[in-house]
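# A closer look at the structure
Below, each chain spelled out in residue letters.
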Amino acid sequence: MLASSVEGRYQYEGQLNAFISLPYSKMTEGMLRREGILFSVEGSNILAYGNRVEEFANILNGETRRPIRTGLLNPAEPKSLQMLELALAKMCGEAQKGEKICFSVPGGAANNQSDVVYHERTIAQILEQLSYSVKSLNEGLAVIYAELESSSFTGIGISFGGGTCNVCLAYLGLPVVTFSAPQAGDYVDHSASSVTGQTPTTIRLHKEEQFQFNGFSSNNVDQAIGVYYNDMIRAVVTGLETALSDRRKLPKFDKPVAVAVSGGSAQVKGFRQHLEKEIRAAELPIAISEVKLAEDPLNTTAKGTLMAAMLDM
């Protein structure tokens, strides 16, 4: 997702983190061109990518391939760099003179710090090739930039994304604690898929269009999604308890802090209320004033990185 400011108003453009390989034919190429679907011809194949590729996945009863998985460049996908470069060039275009760009990166778990470094520097190099002045920002901190300006950028930001859930506690805009949890939207989709026999794409579409928190459900798809959503929420709250357990590293907050929540996975009906219940029940060393859903959950991280570019670069 790309955010830009035009005459004081935020504008957003995004591309789905997915592509599919199709056998080449002039008919297929012509259809893709006519429908305005992004693609690249590579020998005997057409690589279709972006927002509409899941139409083809559903038609063919297949699965899309992901350049980024669990929040980082997908090591199991040989075309990850190629497809990411195409998508970024399409969204961002060539920079105008002196133009700046800031992008978000997930918080690293203890066992994948080097993976985060590779991911961060690779994306920076792709954007630098487009002539941008480049900066990176923790994804949880981007949520704080976007949602907690009225609190002097003090509080907790959580991004419930597809690849990872990213958490940041900040004080006056400075990150104090950051971490990520691998249980996120993709985890819910693939886990629910494995116990229902549905494809991950089918699970995701059902989750986004029909699912809501209602406790036990006799519908096996709703039940599976609910179980793994609960697991995702508990992983984040447990991680927050652990990350904040050393009180000596925390600043002294003079009042309770807000928790701002964003990301596509947070849009499910009843999600915010369920998350707040879990946070209130947790043993946290700081007081929480509210748990609020971002005004525009899908675009929050992009907005936060845009604000960082305007304020700090």
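Residues numbered from 1 in each chain as written. Predicted model: local features only at pLDDT ≥ 70, side-chain atom pairs only at ≥ 80, totals over all residues. Heavy atoms only, no water.

### Some words on the nonpolar core
Rules: In these notes, a set of buried Ala, Val, Leu, Ile, Met, Phe, Trp, Tyr and Cys residues joined through side-chain atoms within 4.5 Å is what counts as a nonpolar core. Note on exposure labels: buried denotes an accessible area under 20% of the residue type's maximum, exposed denotes more than 50%, and partly exposed covers the range between, all computed with a 1.4 Å probe on protein chains only. Note on conventions: DSSP H or I runs of at least 4 residues are helices, E runs of at least 2 residues are strands, and numbering of each starts at the N terminus. Only heavy atoms enter the contact rule, under which two residues are in contact if any of them lie within 4.5 Å.
Core analysis: the biggest nonpolar cluster contains 41 residues, and I156, F160, Y229, F271, L275, I286 and I288 have the highest contact counts within it. Looking at this core, the elements that each hand over two or more residues are strand 10 (155-160), strand 11 (165-171), strand 12 (174-181), helix 6 (185-196), helix 8 (220-243), strand 13 (257-262), helix 9 (271-281) and strand 14 (288-293). Counting residues per element, this core draws most heavily on helix 8, which supplies 10 residues. Apart from the residues within four sequence positions on either side, Y229 is in contact with V188, K207, F211, F213, S265, V268 and F271.

### Considering the sheet that holds strand 5 (residues 45-49)
Operational definition: One bridge is not enough; two strands pair if DSSP finds at least two bridges between them. To get an axis, a line is fitted to the C-alpha atoms, and for a helix only the part in contact is used. The angle between two axes follows their N-to-C directions and goes from 0 to 180 degrees.
The three strands are arranged 3-5-4 in an open sheet whose pairing can be described as antiparallel. Two strands bound the open sheet, and with one partner strand each, they are strand 3 (19-23) and strand 4 (38-42). For this sheet, the mean inter-axis angle between neighbouring strands, taken without regard to orientation, is 25 degrees. Packing against the sheet, helix 3 (residues 80-92) makes contact with strand 3, strand 4 and strand 5, and its axis sits at approximately 50 degrees to strand 5.

### Some thoughts on the confidence of the model for the chain
Rules: Confidence scores labelled pLDDT are given residue by residue by the predictor and lie between 0 and 100.
Across the chain, the average pLDDT comes to 91, with 96% of residues at or above 70. Averaged pLDDT values for the elements of the chain fall to 70 in helix 2 (residues 53-60) and rise to 98 in strand 13.

### Quick look at the packing of aromatic side chains
Ring pairs (aromatic) are described by centroid distance and by the angle formed between their planes. The test is simple: Planes of paired rings set the category: under 30 degrees apart is stacked, over 60 is edge-to-face and the rest tilted, where pairs are Phe, Tyr or Trp rings (Trp by its six-membered ring) whose centres lie within 6.5 Å.
By the definition in use, this model includes nine aromatic pairs. Each ring, one from Y171 and one from F253, has its centre 5.7 Å from the other, and the planes form 75 degrees; the classification is edge-to-face. Of this pair, Y171 sits in strand 11 while F253 sits in the loop between helix 8 and strand 13; the two residues are 82 residues apart in sequence, bridging distant segments of the chain. On the accessibility criterion, Y171 (33% relative accessible area) is partly exposed. Each ring, one from F213 and one from F271, has its centre 6.4 Å from the other, and the planes form 45 degrees; the classification is tilted. Of this pair, F213 sits in the loop between helix 7 (200-209) and helix 8 while F271 sits in helix 9; the two residues are 58 residues apart in sequence, bridging distant segments of the chain. With respect to class, F213 is no different from F271; both count as buried. Following the ring pairs from residue to residue traces out a cluster consisting of F160, F211, F213, Y229 and F271.

### Things to note about the packing of helix 7 against helix 8
So the rule is basically this: When an angle is under 35 degrees it counts as roughly parallel; over 145 it counts as roughly antiparallel; between 65 and 115 it counts as roughly perpendicular; any other value is oblique.
Two elements in contact, helix 7 and helix 8, have axes separated by 11 Å at closest approach and are oriented at 85 degrees. Considering their axes alone, helix 7 and helix 8 lie roughly perpendicular with respect to each other. Side by side, helix 7 and helix 8 meet where I203, H206 and K207 of the first sit next to V221, D222, I225 and Y229 of the second.

### Quick notes on the environment of S265
The cut-off we apply is this: The term polar contact refers here to a pair of N or O atoms within 3.5 Å; inside protein, the definition further demands a hydrogen-donor-capable atom paired with an acceptor-capable atom, and it admits residues adjacent in sequence only when both atoms are side-chain atoms.
Mapped onto the fold, S265 is located in the loop between strand 13 and helix 9. The exposure class assigned to S265 is buried, which follows from its relative accessible area of 5%. Taking the C-alpha atoms as reference points, S265 and N220, separated by 45 residues in sequence, lie 19 Å from one another. Contacts of S265, omitting those with residues within four sequence positions, involve F160, G161, G185, K207, Y229, M232 and F271. A distance of 3.4 Å separates a polar side-chain atom of S265 from the backbone oxygen of G161.

### Some thoughts on the sheet that holds strand 14
An order of 12-11-10-13-14 is seen for the five strands of this open sheet, with the pairing classed as mixed. Bordering the open sheet on either side are strand 12 and strand 14, each of which pairs with just one other strand. With strand direction ignored, the average angle separating the axes of adjacent strands in the sheet is 15 degrees. With five bridges joining them, strand 13 and strand 14 adopt parallel strand pairing. From the neighbouring strand, A260 faces strand 14, where its bridge partner is K292. With respect to the sheet, helix 8 is in contact with strand 10, strand 11 and strand 12, its orientation differing from that of strand 12 by roughly 140 degrees.

### Some details on helix 4 (residues 113-129)
Because each turn of an α-helix spans 3.6 residues, side chains separated by three or four positions end up pointing in the same direction. To be explicit about the condition: By definition here, a helix of n residues has an expected span of 1.5 Å times n minus one.
The end-to-end C-alpha distance of helix 4, which contains 17 residues, comes to 25 Å, matching closely the 24 Å that a straight helix rising 1.5 Å per residue would cover. Packed against the buried residues of helix 4 are strand 6 (68-69), strand 7 (72-73), helix 3, strand 8 (100-105) and strand 9 (133-138). Trailing helix 4 by a residue or two, S131 shows a phi angle of about 75 degrees, which is positive.

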